[in-house]
Amino acid sequence: ILQNKQILSYQIRQRQLIIYEELDKKIDGLIVPIVVANNKKVINIKDKLAKDGYAIGAIRQPTVQKAILRVIARVQQSEDELKNLCKKINRYCYE
């Protein structure tokens, strides 16, 4: 990890930038909580994303105050894959 520190730091910053540009969310790490606020809808979105090949967490009330999708912007995932995921999240959240 220490040998690849600069590369990893760059990849993390790139994913944070994609999240900001696509979802309008500023994050410090790679975990992105997206408030959906409805238990039924958050499960529906998670299921749609699963059919599209994405493993996204759906955390419901009462575990959290408002239902959220939990996205991890992994560095192993290509930037294009992350952009596509963000576009699908936006579409599914506002259907």
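Residues numbered from 1 in each chain as written. Predicted model: local features only at pLDDT ≥ 70, side-chain atom pairs only at ≥ 80, totals over all residues. Heavy atoms only, no water.

K.L.:
Give a description of the packing of helix α2 (residues 39-51) against helix α3 (residues 79-93) that names residues and reports values.
P.N.:
In the contact formed by α2 and α3, the axes pass within 10 Å of each other and the chain directions differ by 140°. If you check the angle between α2 and α3, you find them oblique. Two packed elements cross with a definite hand, and for α2 against α3 that hand is right-handed. Between α2 and α3, the residues in contact are Lys41, Ile45, Lys48 and Leu49 and Leu85, Lys88, Ile89, Tyr92 and Cys93, respectively. Considering only residue class, the contact of α2 with α3 consists of six nonpolar, no polar and three charged. (Axes fitted to C-alpha atoms, helices over the stretch in contact; angles between N-to-C directions. Helix = DSSP H or I, 4+ residues; strand = E, 2+ residues; numbered from the N terminus. Parallel < 35°, antiparallel > 145°, perpendicular 65-115°, else oblique. Left-handed = near helix turned anticlockwise from the far one by under 90°. Contact = heavy atoms within 4.5 Å. Nonpolar A, V, L, I, M, F, W, Y, C, P; charged D, E, K, R; others polar.)

K.L.:
Any details on the pattern of salt bridges? Residues and values, ideally.
P.N.:
Under the defined criterion, the tally for this structure stands at four salt bridges. In this structure, Asp47 engages Lys46 in a salt bridge whose closest nitrogen and oxygen atoms are separated by 3.6 Å. Overall, the relative accessible area of 26% leaves Lys46 in the partly exposed class. Across the pair Asp52 and Lys88 runs a salt bridge, and its minimum N-O distance is 3.5 Å. (Salt bridge = Lys/Arg side-chain N within 4 Å of Asp/Glu carboxyl O. Buried < 20%, exposed > 50% of the residue type's maximum accessible area, 1.4 Å probe, protein only.)

K.L.:
How would you sum up the pairing of strand β3 (residues 68-72)? Please name residues and give values.
P.N.:
Both faces of the sheet carry side chains from a regular strand, because those side chains alternate between them. Here strand β1 (residues 31-35) runs beside β3; their pairing, made up of five bridges, is antiparallel. Paired with Val35 across the bridge in β3 is Ile68. Pairing geometry for strand β2 (residues 57-59) and β3, over three bridges, is antiparallel. Paired with Ala58 across the bridge in β3 is Leu69. (Pairing = 2+ DSSP bridges.)

K.L.:
Tell me what's going on with the sheet that holds β2, and back it up with residues and numbers.
P.N.:
The strands that make up a sheet are held in pairs by hydrogen bonds between backbone atoms, and each pair lies either parallel or antiparallel. In spatial order, the strands read β1-β3-β2; together these three strands make up an open sheet with antiparallel pairing. Looking at which strands have only one partner, the edges of the open sheet turn out to be β1 and β2. If you compare each strand with its neighbour and ignore which way they point, the axes differ by 25° on average.

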